Amino acid sequence: MPAPLPVHRAVAVAPSVKPVLAAGAVVTRTHPVRGIEVLVIHRKRYEDWTLPKGKMEPGESLPACAVREVAEETGVTIRLSAPLDAIRYEAGNAGLKKVDWWGGIPVREVPRGPDAEVDMMSWLPVRAALARLTYAHDHFLVQQHLDQPPTTPLILVRHAKAMDRKDWSRKDSARPINSRGRRQARLLVPMLAAYGVIRLVSSTSTRCLNTLLPYAHRQELPVESYAQLSEEVGADDAKGVTKLVNRIRTSTLEAGAPTVICVHRPVLPHILEALEMAPATLVTGEFLVAHLTDDGGVHAVERHRPQA
């Protein structure tokens, strides 16, 4: 009878104990002969086979952390797909650890030599990967990922912090983001990149356009702007907003193009209703990720904000 797989010991902790935050991804690809393959790594220090993951750096978001860690440990650049369960466990002297997990879709791969942390990485067929992986929770995550339907992310972001209305004497649609907003916009760059965003949609208002410009410049992408998404036009025209959002959703799915829409607080309820999502409010710079299935339904929703 085979020996049971090791598991990390669950520990009861006081609510005041803050866990070390980390993130990782179950990365898969389809091989023409071998079928679905799973990306696994070997850590010489622990003599284990596991999934790529690592600790979050100061000021970093969990989605960006997951993408960075996979790239650093394997040489594979990914975009995130549907979120998986977070895993909590006691990590020896490091204390309580919480790892957030996503599915990962490989975008490109560069050769990576062994180092002191990861000395081997391998793409293995599912059955071989499950036989190789050391920990029971990794088995669970692989299976959970394989059970998810294909999805495309549609991200709804509220514009970054703008100048106060009382300090702006021109048209409100021309009101720009302030210094905090500019920092939020910069921090959004790795967060949007984590989902592989390649289409940028905005209201015509300056504060929305300003929010997406750092990412647009970094990725060399155009920004589509629609007056229908502006506060002045869209706030009182639910039907018009719904019609536009349905067009965006359809084209997003047809092209398989991860998309971000930058909007205003009064317009957001119309967009959520069009997507049949639960009501929600967002602070400036905060965003929702709707993982859309092929039929346009929302399979999973995430919520993130830049820590600015």
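Residues numbered from 1 in each chain as written. Predicted model: local features only at pLDDT ≥ 70, side-chain atom pairs only at ≥ 80, totals over all residues. Heavy atoms only, no water.

### Side note on the sheet that holds strand β14 (residues 298-304)
Okay, step 1: Strand order in the open sheet formed by six strands is β11-β10-β12-β9-β13-β14, with mixed pairing between adjacent strands. Strand pairing shows two members of the sheet lacking a second neighbour, β11 (223-226) and β14, which therefore form its edges. Across this sheet, the average inter-strand angle for adjacent strands is 20 degrees, counted without regard to direction.
Okay, step 2: In terms of strand pairing, strand β10 (residues 199-203) meets β11 through four bridges, oriented parallel. Bridge pairing links Ser202 to Ser225 in β11. (Pairing = 2+ DSSP bridges. Helix = DSSP H or I, 4+ residues; strand = E, 2+ residues; numbered from the N terminus. Axes fitted to C-alpha atoms, helices over the stretch in contact; angles between N-to-C directions.)

### Here's the deal with unusual backbone geometry
Okay, step 1: Phi at Glu47 takes a positive value of approximately 50 degrees, unusual for a residue other than glycine.
Okay, step 2: You can see Glu47 is positioned in the loop between β2 (35-43) and β3 (48-50).
Okay, step 3: Phi angles above zero are rare outside glycine, and Glu276 is one such case at about 60 degrees.

### So, the nonpolar core
Okay, step 1: Ile78, Leu80, Ile155, Tyr195, Val197, Val260 and Phe287 are the most contacted members of the largest nonpolar core, which totals 32 residues.
Okay, step 2: Of all the elements in the fold, those that place two or more residues in this core are β1 (20-31), α1 (62-74), β5 (76-83), β9 (152-158), α4 (179-194), α5 (206-219), β12 (259-263) and β13 (287-292).
Okay, step 3: When residues no more than four places from it in sequence are discounted, the contact partners of Val197 are Ile155, Leu192, Tyr215, Leu221, Pro258, Thr259 and Val260.
Okay, step 4: Listed in part, the 22 residues of the second largest apolar core include Leu244, Ala274, Met277 and Leu288. (Core = buried A, V, L, I, M, F, W, Y, C linked by side-chain atoms within 4.5 Å. Buried < 20%, exposed > 50% of the residue type's maximum accessible area, 1.4 Å probe, protein only. Contact = heavy atoms within 4.5 Å.)

### Points about the pattern of salt bridges
Okay, step 1: The full count for this structure, using the stated rule, is 19 salt bridges.
Okay, step 2: Note that Asp48 is salt-bridged to Arg43, the shortest N-O span being 2.6 Å. Accessibility classification places Asp48 together with Arg43 in one group, the buried group.
Okay, step 3: Connected via shared salt-bridge partners are Glu57, Glu60, Arg68, Glu69 and Glu72. (Salt bridge = Lys/Arg side-chain N within 4 Å of Asp/Glu carboxyl O.)

### Quick look at α4
Okay, step 1: Taking 1.5 Å per residue, 16 residues should reach 22 Å; α4 reaches 24 Å between its end C-alpha atoms and fits that length.
Okay, step 2: Where α4 bends most, the angle comes to about 30 degrees, and this point is Leu188, followed within four residues by the proline Pro190.
Okay, step 3: At the N-terminal boundary of α4, the capping side chain belongs to Asn178, with an oxygen 3.1 Å from the backbone nitrogen of Arg180.
Okay, step 4: Gly196 lies just past α4 and shows a positive phi near 70 degrees. (Expected span 1.5 Å × (residues − 1). Bend = angle between axes of the 7 residues up to and from the residue. Polar contact = N/O pair within 3.5 Å; in protein donor to acceptor, adjacent residues only side chain to side chain.)

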